[in-house]
Amino acid sequence: MTDLKSSLQVVLQDAGYQTWLVSLDDLEAIGFEDDAAMGFAYVFEDAASMLTRWRDLETRLLTRHAPSLQRAGEKTWNIYSVFLCTELATTDQLREVRWIEEDLERTRKITGCGLTSNSDVVTALLPLLPLQYQPSLDSEDFDLTQRLLKRIANIAPAATDAALDSEILPSEVVRLLGAEQ
Amino acid sequence: MKLQFVEMAGFRGFRDKTRFDLPGGFIVLSGRNGTGKSTLLDAIDFAITGTINKFSVKEARGGGLDEHIWWVGEGKPEAHYVSIGFIADDGKQFVISRSRERGCDTQPPEILNRLTNSKLTSRPSVETLMQTTLIRDELIAGLSLDLPEQARFAAVRAAIGGMVGPDYSARTEAILAAANTAKTRHNDRVKETQNDLGRVLGEVTEARSNAEKSAGISEALRLIETLAPSLPSGLVEKTDALRKMIAERRLVLRDLESARLSVEERHAELTFFDSPESQQEIELARVAQEAALREKSQADERLALAVRLDAAERATDEYATHMAAILEHGAALGLHDGHCPLCNAARTDKEFGDAIAAAQERLADHGVKLANAAEALARARSAAAEAERILTSAQSRYAAFQSRREAVQQKLKEVQETYDHHGFQASANDAKLAQTLLFTERENLVRLERALSVLEASNAIDRVKTLEARIITLRERNDQEAAKLVAAEKAVEAARQIDASAKTVANQILTEQFDTVMPLLKELYRRLRPHANWAEIESDFGGKVRGSLNFTVGGHNPQFLFSSGQRRAAGLAFLLAVHLSRPWCSWRSLLMDDPVQHIDDYRALNLVEVLTAIRRTGRQVIVAVEDVALANVLCRRLRSASGDSGRHFQLRTSKTGTAEISDFQDVYPMPRLVLRPAQAS
């Protein structure tokens, strides 16, 4: 089983965030911040616990950091509350969990249930992360000419060199394909 | 390469010269409807492509797009132009200007040269460049999820196909066309040789039928040698000469037969002149002619005598008449002094009277003699005339005999000449012999004609041989042409495979490229979360050449499963993935025109976060939104940084009706480490 807290910090740090642990009475959250966003992440045992406690936790964390947030100016608008759990949620619970995200009051909420791997964590934290995939299409494997020449070599070896050479008349290629003029 | 400024005057809703200086980070445009937010993006589109790609209808009553590119409101603009500036990472600038009067100062190839990767073997069009750079409200749904599968594929190909390489489809299509032309040509040749072969096969059947009549050729040759020994020795020549000779001999035969018939027709006449009776009859005519001649001579002599007697009587009659007149006159005078008034002799009255009476009596006797002489003359003339008629008749009859005989002899002479001319060994007056000889000639001619038929049959054998040789040649040629046709068909098949390969390989590469891009699309889809239940999107390529792109969520087609807003969100994921996957594009600006219509606040926030992630790739993001609150969210989230700051333009309509910048604020970087110090404290 993945240590979700550790994974959280690794993913966030990889994304350029500073992370630190935040103790809140008997709870332990993870604080994170970069140039434009900041927030807290908390790992619940299960969805039921999340649904019960998320609002209280959000309030307590904001209250706790109120002095700093008051100095943050516009950045205060970019506070995230991340609520995750490793246990799978029921369908009904998932619907309620989504409602947490769609609650746009105070902080931007990110939720995730049934997270068991780093990639699950990445998926859950996508709103906070830079783009994960940057397609590279520069590979030589995508060279159509070479690919097509290989294909033509299998179809008509004699015409391989001439088929794609625009200097050679199509009728000459046809001759190379075996047809007499 | 990023946008550095946009300046315009007299363009769309901007009457007065307006300049937007654009920082490298992000630009948020806000304002009510019609204040010019979209116009800034239209200006960029127009400068690069020469049109505005958001109107499905370009022509309409009241004026089309072209009539509404430039300011049409109140007041006269100072100028009509659009100018956009770019700046590269190395600080080099590039400006495109397009004015109403002068058009564009930079041609599309140069624009593409500046804004795309020059290493690529092929480049997209300026239209594709703009279509994948500027994501418009009008196009979000229309160009993404709601597209037909093939059109969606084409959109992807246009966006990420730049790396694929040259489009060989025209080349391979030309090869296929040439192969088909060659095939058609060979096909025509095969048909031609087959037609030739069929025709010759028909001819050989006919020739064989004729050749079956060729038995007895030796006998025919012997016969020809006997009857026509002078003919040439070669079979073909002999046949030709024989055919000609038979034709000539037919004419001769007809000539001889005609001559013989003319003798035959005169058979009675010939017989007559050859008979003793005819000799006797002719002799009698001759004798009668001579007798008539003599009789005629005698009659003429008698007539001459009668004429003389009559003349003498007539001369005497004249004297007597004078005398009678004198007597009558003397009688009338009577004696004159006893003297006769006629002779003055002294006469008595009696003597005088007696003398007058005696003289008148003598004169009366002379008249009888004159009448007798005239009657004799008339009889002599009649006899002479009768002798003349008899003589003429006799002469005519004899001459007729002579004429008939000469005519018969003349005909015989002519016939003989005809016989002699044709070498016909017969006497003209021997019609029977001539007929016998002609019968023989006719029979010989028939035999020669039959011999000719045999010889011609022999020629048919030669013709059969010739035709059979030709059939062999034609079959060989047909086989060769068929082989060429097979080769041409194989060439067509190979050309078809090459043509299909040109298309499928391109599409396969595109598929692979899209598979490479797909994780990004999936990520963007997850980020935008269009639908609560369907968190993942899948894609596959279909069609014969894999020319269509299908999307599915949980095995369903999102096109029909999602709401309007959800489709737009999913469409945004697609369009953004396309935008981010352009290997050929060196212009690193994302332009979005009102991307949040129909999207709820939650999904709008998701979009903002996606744009934030895109900003983190170093791209310039330009977004136009109507909602000021959303504009503020964007300004807070899009990450202003030193060197890549943000700016918020607020637009409005002035009192004079032109769009204008009412205000703008630079968005500065946010304070760092806000929470961490709190932890430390």
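Residues numbered from 1 in each chain as written. Chains lettered and ligands numbered in written order. Predicted model: local features only at pLDDT ≥ 70, side-chain atom pairs only at ≥ 80, totals over all residues. Heavy atoms only, no water.

A. Summary view of the overall build of chain B. Each helix and strand in chain B was counted, giving 17 helices and 13 strands. Here the analysis covers contacts within chain B between residues at least 6 apart in sequence; of these, 72% occur between residues at least 24 apart. Entry remark: accessible area of chain B is about 33900 Å², with carbon and sulfur atoms responsible for 51%. (Helix = DSSP H or I, 4+ residues; strand = E, 2+ residues; numbered from the N terminus. Contact = heavy atoms within 4.5 Å. Areas by Shrake-Rupley, 256 points an atom, 1.4 Å probe, with all protein chains shown as cover.)

B. Broad picture of the overall build of chain A. A count of helices and strands for chain A gives eight helices and five strands. Secondary structure elements of chain A, listed N to C terminal, follow the sequence α-β-β-β-α-α-β-α-β-α-α-α-α. Looking at chain A as a whole, 50% of its 181 residues qualify as buried. Considering only contacts within chain A whose residues lie at least 6 apart along the sequence, 59% involve residues at least 24 apart. A total of about 8600 Å² of accessible surface is found on chain A, and carbon and sulfur atoms cover 48% of it. (Buried < 20%, exposed > 50% of the residue type's maximum accessible area, 1.4 Å probe, protein only.)

C. Spotlight on the packing of helix 7 (residues 217-227) of chain B against helix 12 (residues 431-528) of chain B. All names here are of chain B. Between helix 7 and helix 12, the least distance of the axes is 9 Å, while the angle of their chain directions is 135°. As summarised for this structure, helix 7 and helix 12 are arranged oblique, according to the angle between their axes. Here the hand of the crossing between helix 7 and helix 12 comes out left-handed. Of the residues in helix 12, those touching helix 7 at I217, A220, L221, L223, I224 and L227 are N444, R447, L448, A451, V454, L455 and S458. Residue classes in the contact of helix 7 with helix 12 are distributed as ten nonpolar, two polar and one charged. (Axes fitted to C-alpha atoms, helices over the stretch in contact; angles between N-to-C directions. Parallel < 35°, antiparallel > 145°, perpendicular 65-115°, else oblique. Left-handed = near helix turned anticlockwise from the far one by under 90°. Nonpolar A, V, L, I, M, F, W, Y, C, P; charged D, E, K, R; others polar.)

D. Just the packing of aromatic side chains, in detail. Under the definition given, this model contains 15 aromatic pairs over all chains. Between Y42(A) and F44(A) the ring centres are 4.7 Å apart and the planes differ by 65°, which places this aromatic pair in the edge-to-face class. Both residues of the pair, Y42(A) and F44(A), count as buried. When the centroid spacing of 5.2 Å and the interplanar angle of 85° are considered together, the rings of F86(B) and W587(B) count as edge-to-face. Taken together, the residues F86(B) in strand 4 (residues 81-87) and W587(B) in the loop between helix 14 (564-580) and strand 10 (589-593) connect sequence positions 501 residues apart. Summarising the burial analysis for this pair, F86(B) and W587(B) share the class buried. Grouped by ring-pair contacts, the aromatic residues Y42(A), F44(A), W54(A) and F83(A) constitute a single cluster. (Phe/Tyr/Trp six-rings, centres within 6.5 Å; stacked < 30°, edge-to-face > 60°.)

E. Examining the confidence of the model for chain B more closely. All names here are of chain B. The predicted model of chain B averages 85 in pLDDT, with 92% of residues at 70 or higher. Across chain B, element-level confidence peaks in strand 4 with a mean pLDDT of 97 and bottoms out in helix 17 (residues 675-680) with 58. If you check the scores for this complex, the pTM reads 0.62 and the ipTM reads 0.87. (pLDDT = per-residue confidence, 0-100.)

F. Quick look at the interface of chain A and chain B. Taken together, the contacts link 71 residues of chain A with 68 residues of chain B. In total, chain A and chain B occlude about 6200 Å² of area from one another, counting both sides; carbon and sulfur atoms represent 59% of this. Between the two partners, chain A and chain B, sit six salt bridges. Residue R147(A) is joined to E512(B) by a salt bridge in which the shortest nitrogen-to-oxygen separation is 2.8 Å. Inspection of the region where chain A meets chain B yields 29 residue pairs in polar contact (both at pLDDT 80 or more). Taken together, the residues of the side of chain A that touches chain B break down into 40 nonpolar, 15 polar and 16 charged. (Buried area = accessible area lost by both parts, 1.4 Å probe. Salt bridge = Lys/Arg side-chain N within 4 Å of Asp/Glu carboxyl O. Polar contact = N/O pair within 3.5 Å; in protein donor to acceptor, adjacent residues only side chain to side chain.)

G. Molecular detail of the packing of helix 9 (residues 267-274) of chain B against helix 10 (residues 276-333) of chain B. Residue and element names in this part refer to chain B. Remark: helix 9 packs on helix 10, axes separated minimally by 5 Å, with the N-to-C direction vectors making an angle of 70°. Taken together, helix 9 and helix 10 sit at an angle that is classed as roughly perpendicular. Note on element contacts: helix 10 touches helix 9 through P276, S278, Q279, E281 and I282, opposite F272, F273 and D274. Here the residues of the contact of helix 9 with helix 10 sort into four nonpolar, two polar and two charged.

H. The pairing of strand 10 of chain B, seen in detail. Residue and element names in this part refer to chain B. Counted residue by residue, strand 10 has five buried out of five residues, so it is predominantly covered. What you see with strand 10 is no split at all: S589, L591 and D593 on one side and L590 and M592 on the other are buried throughout. Direction of pairing for strand 7 (residues 134-136) relative to strand 10: parallel, over a ladder of three bridges. Counterpart to L134 in the pairing with strand 10 is L591. Note that strand 10 and strand 11 (residues 620-625) share five bridges and pair parallel. In the sheet register, D593 faces strand 11, and the bridge partner there is A624. (Pairing = 2+ DSSP bridges.)

I. Inspection of the pairing of strand 2 (residues 27-33) of chain A at higher detail. All names here are of chain A. Of all seven residues in strand 2, six are buried; the element is thus mostly enclosed. As defined by bridge partners, strand 1 (residues 18-24) adjoins strand 2 across seven bridges and the pair is classed as antiparallel. Counterpart to L24 in the pairing with strand 2 is L27. Between the end of strand 1 and the start of strand 2, which pair antiparallel, lie two residues, with D25 showing a positive phi angle near 55°. Two elements, strand 2 and strand 3 (residues 38-44), share four bridges in a ladder whose sense is antiparallel. Each residue of the ladder has a partner; that of F32, found in strand 3, is G39. Connecting the antiparallel pair strand 2 and strand 3 is a turn made up of four residues.

J. The arrangement of the nonpolar core in detail. L524(B), L576(B), M592(B), L611(B), I614(B) and L634(B) are the most contacted members of the largest nonpolar core, which totals 49 residues. Every element with two or more residues in this core is listed here: strand 3 (26-30), helix 12, strand 9 (548-552), helix 14, strand 10, helix 15 (601-615), strand 11 and helix 16 (628-637) of chain B. When sequence neighbours within four positions are dropped, the list of residues in contact with I614(B) reads L131(A), L576(B), L580(B), L590(B), R619(B) and V621(B). Core analysis: the next-biggest nonpolar cluster, separate from the first, contains 43 residues, V6(B), V82(B), F86(B) and I111(B) among them. (Core = buried A, V, L, I, M, F, W, Y, C linked by side-chain atoms within 4.5 Å.)

K. Geometry of the sheet that holds strand 11 of chain B. All names here are of chain B. Read from one edge to the other, the open sheet built from six strands follows the order 7-10-11-3-12-13, with strand pairing classed as mixed. The open sheet terminates on both sides in strands that have one partner only, identified here as strand 7 and strand 13 (659-667). Neighbouring strand axes in the sheet, compared pairwise and without regard to direction, differ in orientation by 15° on average.

L. Representation of the pattern of salt bridges in the model. Summed over the entire model, instances satisfying the criterion amount to 57 salt bridges over all chains. For E609(B), the salt bridge is made with R108(A), and the minimal N-O distance between the two is 2.5 Å. Of this pair, E609(B) sits in helix 15 while R108(A) sits in strand 5 (residues 108-112), which puts the two residues in different chains. For R397(B), the salt bridge goes to E281(B), with nearest N and O atoms at 3.1 Å. Here E281(B) lies in helix 10 and R397(B) lies in helix 11 (residues 349-421), a separation of 116 residues in the sequence.

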